[in-house]
Amino acid sequence: MSVGIPISRLWPDPGAEPVDDAALTALYGRADRPHLRVNFVSSLDGAVSVDGYSAGLSGEPDMRVFGLLRMLCDALVVAAGTLRHEGYRALRLDERRRAWRRERGLPDYPTLVVVSGSLDLDPAQAAFADAPVRPLVLTRAGAVPPPGLTEVADVLPCGTDRVDLAAGLGQLRRRGHDQLLCEGGPLLFGALTAADLVDELCLTVAPLLAGPGPGRITAGTPTPPRRLPLRHVLAAGDGTLLLRYARD
């Protein structure tokens, strides 16, 4: 891709020269074991959105990493509410990123995985209807798919009263999806944290104050704090910070 706003390393090994796509890919990389990475963008004062949407916080540096993380994953996990609200389209990659995946023996596209306890999903949404790879839906036992959903997605029950995320991730990994990327929303992030399933957080900090109102990147039932060590700090020319935290 053509790079407009440069991104440089701040920590560790600070460097004044901007990192190219190859260096950026190496900084994030793929883990050598099953791994769940969460990616979010936040304002300086902790907001998850502006005017109700995350796009108000995102800029070119964030979108560059956003696309890179999709290229690196086996499957992209997203909550149904986020899929609906953010208007997800089909999960596609450009030819350059597809070629990168082919060179490493990966399918051209990652698989979209939607988490939905109610199956309140629209099979006509482009994320399903135009998907290059058949999506998966993690749900609870007894949930009834709407007409047409099973024609465009595989529905995987996991859990009785609610979606059992540990069991759901187990099903994904049995299908070969070891490298998982979650894009939220906050309730799903909170539930994954509560189940101690989060291995990594990639957090973009946008250089703006959103003010009171919007929620945080995580929500749900409070859980004990968990330490997640800092792995790198990158800074973009527009003041955006790109942080990566991951388990040992």
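The text that follows walks through the structure, step by step, so that each part is easy to find. From a predicted model like this one, the values you see are computed outputs, not experimental measurements.

Section: the environment of Gly4
Move 1: By the element assignment, Gly4 lies in the segment before strand 1 (7-11).
Move 2: Gly4 sits 56 residues away from Glu60 along the chain, and the two C-alpha atoms are 7.9 Å apart.

Focus on the environment of Leu57
Move 1: In this fold, Leu57 is placed in the loop between strand 2 (35-42) and helix 2 (60-72).
Move 2: You can call Leu57 buried: its relative accessible area is 5%.
Move 3: Setting aside residues up to four positions removed in sequence, Leu57 forms contacts with Val41, Ser42, Ser43, Ala47, Val48, Ser49, Val50, Ala206 and Leu208.

Some points on the layout of surface pockets
Move 1: In this model, the second largest pocket occupies a volume close to 610 Å³.
Move 2: Lining the second largest pocket are 22 residues, and of these Phe189, Thr193, Arg216, Thr218 and Arg226 lie nearest its centre.
Move 3: Elements supplying a minimum of two residues to the lining of the second largest pocket: helix 8 (186-194) and strand 8 (200-205).
Move 4: Among the elements that take part in the lining of the second largest pocket, helix 8 stands out by supplying 3 residues, more than any other.
Move 5: Split by residue class, the lining of the second largest pocket holds 10 nonpolar, 7 polar and 5 charged.

Here's the deal with the pairing of strand 3 (residues 75-79)
Move 1: Here strand 3 lies mainly inside the structure; 5 of its 5 residues are buried.
Move 2: In strand 3, alternate side chains face the same way, and those of Ala75, Val77 and Ala79 on one face and Leu76 and Val78 on the other are all buried.
Move 3: Relative to strand 4 (residues 111-115), strand 3 runs parallel, the two being bridged by 5 bridges. Looking across to strand 4, one finds that Ala79 is bridged to Val115.
Move 4: Taken together, the 3 bridges between strand 3 and strand 7 (residues 179-182) define a ladder with parallel strand orientation. Bridging from a neighbouring strand, Val77 pairs with Cys182 of strand 7.

Looking at the pattern of salt bridges
Side chains bearing opposite charge may pair, as long as their charged atoms lie close to each other.
Move 1: Applying the stated rule across the entire model yields 18 salt bridges.
Move 2: The closest approach of N and O atoms between Arg226 and Asp196, which form a salt bridge, is 3.2 Å. Residue Arg226 is found in the loop between strand 8 and strand 9 (230-236), and its partner Asp196 is found in the loop between helix 8 and strand 8; the two are separated by 30 residues along the sequence.
Move 3: Of the residues examined, Arg226 reaches a relative accessible area of 40% and is grouped as partly exposed.

Notes on the sheet that holds strand 8
Move 1: If you trace the 10 strands from one edge of the open sheet to the other, you get 1-9-10-8-2-7-3-4-5-6, paired in mixed fashion. In this open sheet, the two strands that pair with only one neighbour each are strand 1 and strand 6 (154-157). Going from strand to strand, the sheet's axes swing by 25° on average, the running direction of each strand aside.
Move 2: Pairing of strand 5 (residues 136-139) with strand 6, which is carried by 4 bridges, proceeds in the parallel orientation. Looking at the pairing, Val137 lines up with Val155 of strand 6.
Move 3: Lying on the sheet, helix 2 is in contact with strand 1, strand 2, strand 3, strand 7, strand 8, strand 9 and strand 10 (241-246); it crosses strand 2 at an angle near 165°.
Move 4: Packing against the sheet, helix 8 makes contact with strand 2, strand 3, strand 4, strand 7 and strand 8, and its axis sits at approximately 140° to strand 2.

Considerations on the nonpolar core
Move 1: With 34 residues, the main nonpolar core has Leu24, Tyr28, Leu83, Leu112, Val114, Leu121 and Phe128 as its most contacted residues.
Move 2: Listing elements by their share of this core, those giving two or more residues are helix 1 (21-28), helix 2, strand 3, helix 3 (80-85), strand 4, helix 5 (126-129) and strand 9.
Move 3: Residue contributions to this core peak at 5 residues, all from helix 2.
Move 4: The contact partners of Leu24, leaving out residues within four places of it in the chain, are Val19, Arg64, Val65, Leu68 and Leu234.
Move 5: Val38, Val113, Leu180 and Leu192 belong to the second largest nonpolar core, which has 30 residues in total.

Calculation rules
- Residues numbered from 1 in each chain as written.
- Predicted model: local features only at pLDDT ≥ 70, side-chain atom pairs only at ≥ 80, totals over all residues.
- Heavy atoms only, no water.
- Helix = DSSP H or I, 4+ residues; strand = E, 2+ residues; numbered from the N terminus.
- Buried < 20%, exposed > 50% of the residue type's maximum accessible area, 1.4 Å probe, protein only.
- Contact = heavy atoms within 4.5 Å.
- 1 Å grid on protein atoms, 1.4 Å probe; cavity = no way out; pocket = protein on both sides within 12 Å on 5 of 7 lines; lining within 4 Å.
- Points joined across faces, edges and corners; volume = space filled by probe spheres on them.
- Nonpolar A, V, L, I, M, F, W, Y, C, P; charged D, E, K, R; others polar.
- Pairing = 2+ DSSP bridges.
- Salt bridge = Lys/Arg side-chain N within 4 Å of Asp/Glu carboxyl O.
- Axes fitted to C-alpha atoms, helices over the stretch in contact; angles between N-to-C directions.
- Core = buried A, V, L, I, M, F, W, Y, C linked by side-chain atoms within 4.5 Å.

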